[in-house]
Amino acid sequence: MNPLIKGLFKKFRETEELSALEDADAFELFSATLILPDELMSQSEKTDFLLDAGSIGIDIIALEINGQLARDIDDVREICGQASQIDVSLYLIQAKQSASISSVDILGFGDTAKKFLCNEGGFSNYPRLEELASAFALVFEDFATSLRHPPTVYLSFVTTASKGSVEDPVVRDRAASVEGQIANLGFIGRVSVNVYGADELHEAWSKKNHANEVEIQLEKQVNLPKMPGVDQAILGVVSVAELLKLVQGTDGALDERVFYDNVRGFKGEDNPVNRQILSTLSTHERDLLPVLNNGVTVVASSYSPKPGDAVAISGFQIVNGCQTSHCLYLSRNMLGDQIVSVYVPIRLVITGDEDVATRIIRATNSQTEVHENDLVALTKFQKKLEDFYTLDTSEVNLTYERRSGQFYSAAVTKRRVVTISDQMRAISAVFLDSPHAAARYPARLYAEVGKSIFQEEHKLLPYVASAYAAYRIENAFRAGLDPVYKPARYHILMAYKYQVLNGPSAALNARKCETQSETLISALKQPDQVDLFRSAAESVMAVADGRFPTRDRLKRERFTQELIAYLMQGIENS
């Protein structure tokens, strides 16, 4: 293997604590981490992206619908059923550590991809692959009228080969052949087939792991007076061409990472506000954009002035103006030469103070409707919880990420970072006895349990204990716990709690809940976690009459209640 990629791969395994995983599986996850959008990867445990052992032709599949990861047909129904229009993207990856490229393997990858896209069957020995093929097919069967446009499909064939091998005419011809065959299916929209070698992997790694940095030319600017916690604050205007430098990657594609701290995602071209922006940009009214549009707010960690009115900034986020930025990006070709003469207001704030950054995010997003779950990261309780994780009185060595991308360039073990979504799932399963809700995507989960979590009167230790339980069960899966139990991980966590505490847990605001959390953490630190979690998993199986419960059944509250009744009966009889 290329020594540079070998070093990056080794570091990845260390930071993600994947030493127990087979080399081939770990490399597949390494590739997925570099290729899949960060927001998609964050919606599931990394090892959940692996397909069935022995799957041939495709190693990783990710189905994205309206920004949400769909794992099965129930997820498709749930996501699509609540949306008037849907955007669908499918990511297919085959990853090999080989330093050479087999054109035959590329064609085989394409053939398997076609079989998957057409749901032709033949995956009966690979239930995970079969389940995902059925989920993708359901998009057309039940929600074809909701598709904004045909699904986009990204195929990535990953190796550690040299640049010369990647650019070999035969390899390029095979990739083009696969792209053409899939495009000709008739029901797929944009198709992208990319062959990765060592250089492409390193470029992808650099894009994901290096702090963003850009130099932009301000057309007009005013430096604001000194303010506490703010190193520099500037009001000004920039041309659309200069603003696009903030939101485009080196390949010209939109870099969604710069919108991590913006509490709203892009609402689409059919959103009334965005329709108006796009309409303005298509007429002579575009010259009035500086007075018709609020512009963008950029928070950056460092800044340096350049000759003229140029500035260089790094570690930046667009915390307000996501809709404007996306509309300008979509209109870039239509604007043509006027891209340098149409201007946008910009507010640039340089600060290293997290509290100041949080206050700016909240203030700049308070003028229009924001869903409550979008702003949960900015509450006082979240700050207290982050500080409590930092204190680490229980010595669990976890880090709480209160804001997305908060530890983007920090030296933390990524596997030990707990996001707000991770926390919601863990606390719901372990202390709210709602494992059936824990597997839902974040917005739906928050709608179900939002009023029961993150309350000011809650004890903090249960949150840490539940996150540690989720961390430990993932370790158990990597150390030998049968992965067939993964869809039931949240039910297993609840059952484990009942077994350790010999009964249910107290309310989150009760002192007893803290004591129970201490007991749970102590039990989780014992070395025999695989056996203990296996015992809890067997309880879940027993309630399902010795068979593994379907994903649909696991999402039902009735099954949770049956499991609790079974656990309590066992405790009473012991």
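Since the model is a prediction, treat every value here as computed from it, not as a measurement. (Residues numbered from 1 in each chain as written. Predicted model: local features only at pLDDT ≥ 70, side-chain atom pairs only at ≥ 80, totals over all residues. Heavy atoms only, no water.)

A.B. asks: Looking at this structure, how should I read the side chain of Asp74?
C.D. replies: Within the secondary structure layout, Asp74 lies in helix α4 (residues 73–81). Among the residues examined, Asp74 registers a relative accessible area of 15% and is labelled buried. Setting aside residues no more than four positions away along its own chain, Asp74 makes contact with Arg551, Asp552 and Lys555. (Helix = DSSP H or I, 4+ residues; strand = E, 2+ residues; numbered from the N terminus. Buried < 20%, exposed > 50% of the residue type's maximum accessible area, 1.4 Å probe, protein only. Contact = heavy atoms within 4.5 Å.)

A.B. asks: It is not clear to me how the side chain of Ser434 should be interpreted in this structure. Could you clarify?
C.D. replies: Mapping Ser434 onto the fold places it in the loop between α17 (420–430) and α18 (435–438). Other than its neighbours up to four places away in sequence, Ser434 contacts Ser428 and Ala429.

A.B. asks: Got a minute to help me understand the state of the cysteines in this structure?
C.D. replies: Put plainly, two cysteines are in a disulfide when a covalent bond ties their sulfur atoms together. Per the counting criterion, the structure on display carries zero disulfides. No disulfide involves Cys80; its sulfur sits 19 Å from the nearest other cysteine sulfur, which is in Cys118. Residue class for Cys80 comes out buried when judged on its relative accessible area of 2%. Here Cys327 is not disulfide-linked; the sulfur of Cys322 is the nearest cysteine sulfur, at 9.2 Å. (Disulfide = S-S within 2.5 Å.)

A.B. asks: What is the right way to look at the packing of helix α21 (residues 489–501) against helix α22 (residues 511–524) in this model?
C.D. replies: For any two helices packed against each other, the geometry comes down to the angle between their axes and how far apart the axes lie. At a minimum axis separation of 10 Å, α21 and α22 run at an interaxial angle of 105°. Accordingly, the angle class assigned to the pair α21 and α22 is roughly perpendicular. Two secondary-structure elements touch here, α21 through Tyr496, Lys497, Val500 and Leu501 and α22 through Gln516, Thr519, Leu520, Ala523 and Leu524. Here the residues of the contact of α21 with α22 sort into six nonpolar, two polar and one charged. (Axes fitted to C-alpha atoms, helices over the stretch in contact; angles between N-to-C directions. Parallel < 35°, antiparallel > 145°, perpendicular 65-115°, else oblique. Nonpolar A, V, L, I, M, F, W, Y, C, P; charged D, E, K, R; others polar.)

A.B. asks: Mind showing me how you'd approach the sheet that holds strand β4 (residues 152–158) here?
C.D. replies: Backbone hydrogen bonds hold the strands of a sheet together, and the pairing may be parallel or antiparallel. Spatial ordering of the open sheet is given by β2-β1-β3-β4-β5, a layout of five strands whose pairing is mixed. Looking at strand neighbours, the two that pair on one side only are β2 (68–70) and β5 (191–196), the edges of this open sheet. Here the average twist between neighbouring strands, direction ignored, is 20°. Summarising the sheet, strand β1 (residues 60–65) and β2 pair through three bridges and their orientation is antiparallel. Residue pairing across strands places Glu64 opposite Leu69, the latter belonging to β2. Relative to β2, α4 is tilted by about 145°, and along the sheet it contacts β1 and β2. (Pairing = 2+ DSSP bridges.)

A.B. asks: Whenever I open this one, empty space enclosed by the protein confuses me. Can you help?
C.D. replies: Where empty space is left in the structure can be found by rolling a water-sized probe over the atoms. Here the structure, examined in full by the defined rule, presents one cavity of 30 Å³ or more. Here the largest cavity is characterised by a volume of approximately 50 Å³. Of all the elements in the fold, those that place two or more residues in the lining of the largest cavity are α16 (380–391) and α20 (461–479). Looking at the lining of the largest cavity residue by residue, the classes come out as six nonpolar, two polar and one charged. (1 Å grid on protein atoms, 1.4 Å probe; cavity = no way out; pocket = protein on both sides within 12 Å on 5 of 7 lines; lining within 4 Å. Points joined across faces, edges and corners; volume = space filled by probe spheres on them.)

A.B. asks: Got a minute to help me understand the sheet that holds strand β8 (residues 232–239) in this structure?
C.D. replies: Read across the open sheet, the five strands follow the order β7-β8-β13-β9-β12; overall the sheet is mixed. With one partner strand each, in any of the chains shown, β7 (220–223) and β12 (317–320) form the two edges of the open sheet. Averaged over all neighbouring strand pairs, the angle between strand axes comes to 25°, with direction disregarded. In this structure, strand β9 (residues 296–300) lies alongside β12, joined through three bridges in antiparallel fashion. Paired with Val298 across the strands is Ile318, a residue of β12.

A.B. asks: Can you walk me through the environment of Gly308 in this structure?
C.D. replies: Within the secondary structure, Gly308 is located in the loop between β10 (302–305) and β11 (310–314). In this structure the C-alpha to C-alpha distance between Gly308 and Glu219, which are 89 residues apart in sequence, comes to 9.6 Å.

A.B. asks: Even after reading the chapter, I still don't get the pattern of salt bridges, so can you show me in this structure?
C.D. replies: By the definition in use, this model includes 31 salt bridges. With a closest N to O distance of 2.9 Å, Glu14 and Lys10 form a salt bridge. Of the two residues, Glu14 and Lys10 both sit in helix α1 (residues 3–15), four residues apart, roughly one turn of that helix. For Glu14, a relative accessible area of 43% puts it in the partly exposed group. Looking at Lys10, the relative accessible area reads 52%, which means it is exposed. Of the charged contacts, one joins Asp74 and Arg77 as a salt bridge, the two residues approaching to 3.6 Å between their closest N and O atoms. (Salt bridge = Lys/Arg side-chain N within 4 Å of Asp/Glu carboxyl O.)

A.B. asks: Please clarify how the nonpolar core should be interpreted in this entry.
C.D. replies: Here is a general trend for soluble globular proteins: nonpolar side chains tend to be buried in one another's company. Counting residues in each nonpolar core, the largest one holds 66 residues, and the members touching the most others are Phe454, Ile492 and Phe533. Among the elements that make up this core, the one with the highest residue count is α20 (12 residues). Counting residues in each nonpolar core, the second largest holds 42 residues, with Ala133, Leu155, Ile188 and Val195 among its members. (Core = buried A, V, L, I, M, F, W, Y, C linked by side-chain atoms within 4.5 Å.)

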